[in-house]
Structures are given as C-alpha cells and as structure tokens.
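Here is what each chain is made of, one letter per residue.
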Amino acid sequence: MSTIVEFLAEPFHFSFMTRAFVGVSLIAVLAGVVGAFVMLKGLAFIGDAIAHAAFGGLVAAMLLGVPLHLGALAFALLTAAGLTALSRKTGLRADTSLAILFTGTFALGVLGLATRPNFAGDLSALLVGSVLAIRPADIYWILAAAAITGLVLAAAYRHLVYISFDPQGAEAAGLPVAGLQWLLFSLVALTVVVSLQAVGVVLVVALMITPAATAALFVRRLERLMAVAVLCGLSATWIGLYASYYLSTPAGATVVTVATAQFTAGLALHKLLTRRR
Amino acid sequence: MSDGDTRICVEVKDLTVGYDDRIVLRGINWTVPCGTSAAIIGPNGGGKSTLLRTLVGRLRPAQGTVRIFGRPPEEARPLMAYLPQNEEIDWRFPIRAIDVVMQGLLARTPWWRPPGKDALAQAMAALERVNLADEAQRPVGALSGGQRQRVLLARALLQDAQLILLDEPATGLDAPAQHELLDVVDDLKRDGRTVIATTHDLNCLTDHFDTVLCLRGEVVCQGPPEEALKPEHLLAVFGKHVPLLTAEGRVTIFEHHR
C-alpha cells in the first residue's frame, strides 16, 4: 500500500512536477470545455491556424522583449477577428489562403527565432511545449483564461449554442451572430495561447479535440459532453504525467498519446456497444 | 383573426437582388397582408431562397425596397423567425428538443437575464402546441424531418415571432408529415401570425396557402392558388416539366406537350 502512495506522491517532491500537474490539469479543464465547441463545429483547423499565428506572435514578443503571452495573445486574437470576417464571407471555404497565411506567419516566426543563440532548444520548446518548465506566472495566465472563459460562458453559453446549431435562424431572430462567432474564436485563441507553454504549437489542438471527440461517442447533450471531455482530459493528463515522470518521456507528447489511446479505446467500446444493441 | 386585419406585413417594391456576380431576381413587387400565409413556388435557381434571404436582411437589395411591418428587415428582426433549409442546420449538435425551443427566448430577452422560472413551462406549452410534448427530452437530431420543423416552429412561438419564414419545409417530408406541418401553420395563423414558405414542387402546401407567388427570376404569377396555379402559369414557371401531386400524395413530373 505504502508503495502505491509513494509511487503517486514521488513526483510532487519536485515543485516543477507539482506545477506541471496543476498547470496541465487546469488546461485540461479549459480545453475540455472550449474544445467541445471546437470539435462539434469542426473548428480544429481554426485552432491550428490560431496556434501557428500565435507562434509568430510569441517569437515577435521574444525578439522585442515584451511578455511572450502578450505577443501570442495579440496575434491569436487578431487571427480570431480575421477568421470571423472570413467565415462570414466565404463560409470558411478559403482554407488555401488560410493555410498560406498561417504557415507563412509560422515560417517568419522560425526565421525570427533563428536569430537567437539557443535556436534549436527554443524551437523544440515552442513546438512541443515544455511541461516541466511551467512557471507560476504561466499558471496565473491559465487561471485568468479560465476565469474569462467562465464569465463568457455564464453570460453567452445559450447564445453560442444557438449560433452553433442554427446560425441563420439566430441571425434572423436578431442575435449578433458575427460578434458571438468572434467571441467563440477568441475563446479558442485564449485557450491556445495559455496552453502553448505546456504543450506547444503542434499538440495544443489535440488537447481540445481528442477528449471532446471521446466524450461525443457516448453522450448526446452538450453539458454532459463538456463534463466527460474534462474528465477524459484530466485523466489523460494525470496518467500521461506519471508515465512521463517514470519513463522519462516528453510530457506533452505523452499526455496527448494517452488521450489518443482513450479515444481509440472509446471507439472500440462504442462499436461493441452499438453492435450488441 | 386575420379577417379585417388590413395591415401589411411584407412589402416588396421594385426589388432587384442577387449575389456579387449575378442578378437573381428583377423587378419584384409583392405584398403579404398580416395574418395570412403565402407560398413562394418556382424551379430551383428561380430565386425563392434569395427572396427569403432578402426578407430576413441577409442579402441587401441592389435596387428597390423591402419593408417588414413597415421597417427595414434588420430592424424587424426580433419579430421574425426563419427556418433555413434542412441542411443549413447542424442536426448532430447535441441538444434536446426542449433546448432548441428555449432558444426562442434569447431573441426577446437581454443576454444577461437568465431564463425565468416560467420559461420551461412556456417552452413545454409551445411543444405541446406543435404536438411534440413527448419528444421534449430527446436529442433534436433523433427526430424525424417533420418533427424537427415543428420543434423550430415551437421555438418561433416562444420567440413570439409575428412573421415566420420557412425555406423548403416540405422537402423530404411525406404527405402525412406535410399535413401535420400545415396544421401547425393554420394554428399559427389563428394567432394573427404571418407565414411564408418556399417550395420547388407542387405539393400539399401549395394550394393550402392563402396566396401563391410564382418566381422564375421575376414574378410569373401571383394571387390565390386557384388563380395563380393555372396550367399556363405553371408552364411558364416550371417549363415543360410540371410537377403535379397525384391523389396518393406522390409528386410526379407531368410533361406538357404542345
């Protein structure tokens, strides 16, 4: 018995591991809630675009010596606004020009980063994140993002559901569809930015999409879907961080791998259950 | 009741409208008195959906004016409910029928006000009125096409919309489901509400409405169904392929030979 307790407690002897557990757990909650919308509305590409643009902003901030989160947030929110305008005009058919724009921003970011001495280290930290380097300030940013998201959803949850379900009906009834769409994209941007430090540009979308997709296999109500997505995200986080600690694997990638395994297992279970019915 | 109500609900004057690269409708003049129902018929591409989108303010006229209750469409919005074509709505979205009906409140209450205590009772009453009280807790995506339409009409009731616009509501519905929908439309009219629906084939809906507007890029005919739906008009609207409803409730293509 005591060995199990020791096994579970050991990582917490290190304050960086404690911060990793706290930080990524908070991200899992935030990403589970926002990710439900992202997954249901097929916005994964949007999240990816925002993440790449945020990378450019992060590097710009690094070079200018301003707080990194501010640079990333500025680029991410600008992107969210641009995407809102674009989606109103073309219904998001413009993925070619989008892809060019964001991979371009990303490439500029890489070029900017290359002017710095520790290029390879910085790049890999930003691409796949560095969970173990989460600082207290990062956790405050995540908490702030969670608080803002909570306030927005408390006020506009039903409106966001309406425009996600039936945007044309919502517009005819007088809802400010463009503003609400922008709000939703901004929540995605906020989630992406505060998660970058932990999981990096490449994996951040997985934290939003995968737990929500697993949840969607089993529940048919948005509120429950969010709750199950949060539980999946939290369990993937904890299993992943323990595995990463004891197996010395990269933390962010381990968490995402566990989340992916959850989804695969969920899919198999779902197939089994529906076949029996 | 609609009798004696002479207010004009929809007034379209000399309307020309289209998209960036092409004009779809030219020189449309049309009025719909409050408390009546109107069907817009015509072939695909004839401009039916374009007219509806102009009425809800999604498209702006290139020329001419549109007035809803005497106001520009954008200003008449809380009074309007629009049921887009079936595929425009994300039916896989995980919400229950009752949640969809409750959305009707969002149009007429400020965003900071949570739904009141009686909101749920009102939503249930609206579902009751469209004969779907038993389906309240089911995911809306699990309902049949006709039931989905009626859930959206219950939402319009909760919104207390005075003008209800339906884009191709009959598509994919069998004759019994079309009649269930018509019963609800009649019920809405009894409150003095105005109902406008488009359809690309002639079906139960068409001759059940108070007036018909036939569109093929321009107005081909308008008036009460028995006047508007004369063979020569239908020929002009649909070309030589005139869809007719048989006694069994099936739509057949009647090919007209001169």
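For the structure, check the block above.
In this report, the structure presented in the accompanying data block is examined. As the structure is a computational prediction, the values presented were derived from the model and not from experiment. (Residues numbered from 1 in each chain as written. Chains lettered and ligands numbered in written order. Predicted model: local features only at pLDDT ≥ 70, side-chain atom pairs only at ≥ 80, totals over all residues. Heavy atoms only, no water.)

1. Overview of helix H3 (residues 44–64) of chain A
All names here are of chain A.
Move 1: Taking 1.5 Å per residue as the helical rise, H3 with its 21 residues ought to reach 30 Å, and the 30 Å between its terminal C-alpha atoms agrees with that figure.
Move 2: Here H3 lies mainly inside the structure; 15 of its 21 residues are buried.
Move 3: Just downstream of H3, Gly 65 is the residue with a positive phi angle, here 75 degrees. (Helix = DSSP H or I, 4+ residues; strand = E, 2+ residues; numbered from the N terminus. Expected span 1.5 Å × (residues − 1). Buried < 20%, exposed > 50% of the residue type's maximum accessible area, 1.4 Å probe, protein only.)

2. So, the state of the cysteines
All names here are of chain B.
Move 1: Counted by the stated rule, this structure contains one disulfide over all chains.
Move 2: Linked covalently through their sulfurs, Cys 214 and Cys 221 form a disulfide whose S-S length is 2.1 Å. Given an S-S torsion of about -75 degrees, the disulfide between Cys 214 and Cys 221 has left-handed geometry.
Move 3: Judged by its relative accessible area of 5%, Cys 221 falls in the buried class. (Disulfide = S-S within 2.5 Å.)

3. What about the packing of aromatic side chains?
Residues and elements named next belong to chain A.
Move 1: Enumeration according to the criterion identifies 13 aromatic pairs over all chains in this entry.
Move 2: Taken together, a centroid distance of 6.2 Å and an interplanar angle of 20 degrees make the contact between Phe 7 and Tyr 242 stacked. Taken together, the residues span a long stretch of sequence, with Phe 7 in helix H1 (residues 2–9) and Tyr 242 in helix H10 (residues 222–247) at a distance of 235 residues.
Move 3: Relative to Tyr 157, the ring of Phe 37 has its centre 6.4 Å away and its plane inclined at 75 degrees; by these criteria the two rings are edge-to-face. Linking Phe 37 in helix H2 (residues 15–40) with Tyr 157 in helix H7 (residues 136–165), this pair joins segments that are 120 residues apart in sequence.
Move 4: What makes Phe 37 buried here is its relative accessible area of 2%.
Move 5: Classification of Tyr 157 by relative accessible area gives buried; the value is 17%.
Move 6: Taken together, the aromatic side chains of Phe 7, Phe 12, Phe 14, Phe 16, Phe 21, Trp 238, Tyr 242, Tyr 245 and Tyr 246 make up a single cluster linked through ring pairs. (Phe/Tyr/Trp six-rings, centres within 6.5 Å; stacked < 30°, edge-to-face > 60°.)

4. Remarks on the pairing of strand S6 (residues 163–166) of chain B
All names here are of chain B.
Move 1: The two faces of S6 match: Leu 163 and Leu 165 on one face and Ile 164 and Leu 166 on the other face are all buried.
Move 2: As paired elements, strand S5 (residues 80–83) and S6 share four bridges and run parallel to each other. If you follow Tyr 82 over to S6, its bridge partner there is Leu 165.
Move 3: Note: S6 against strand S7 (residues 194–199), four bridges, orientation parallel. Following the sheet pairing, Leu 166 is matched in S7 by Ala 197.
Move 4: Traced from S6 through helix H5 (residues 175–190) to S7, the parallel crossover comes out right-handed. (Pairing = 2+ DSSP bridges. Right-handed = clockwise from strand over helix to strand, strands pointing away.)

This is a description of form; function is not addressed.
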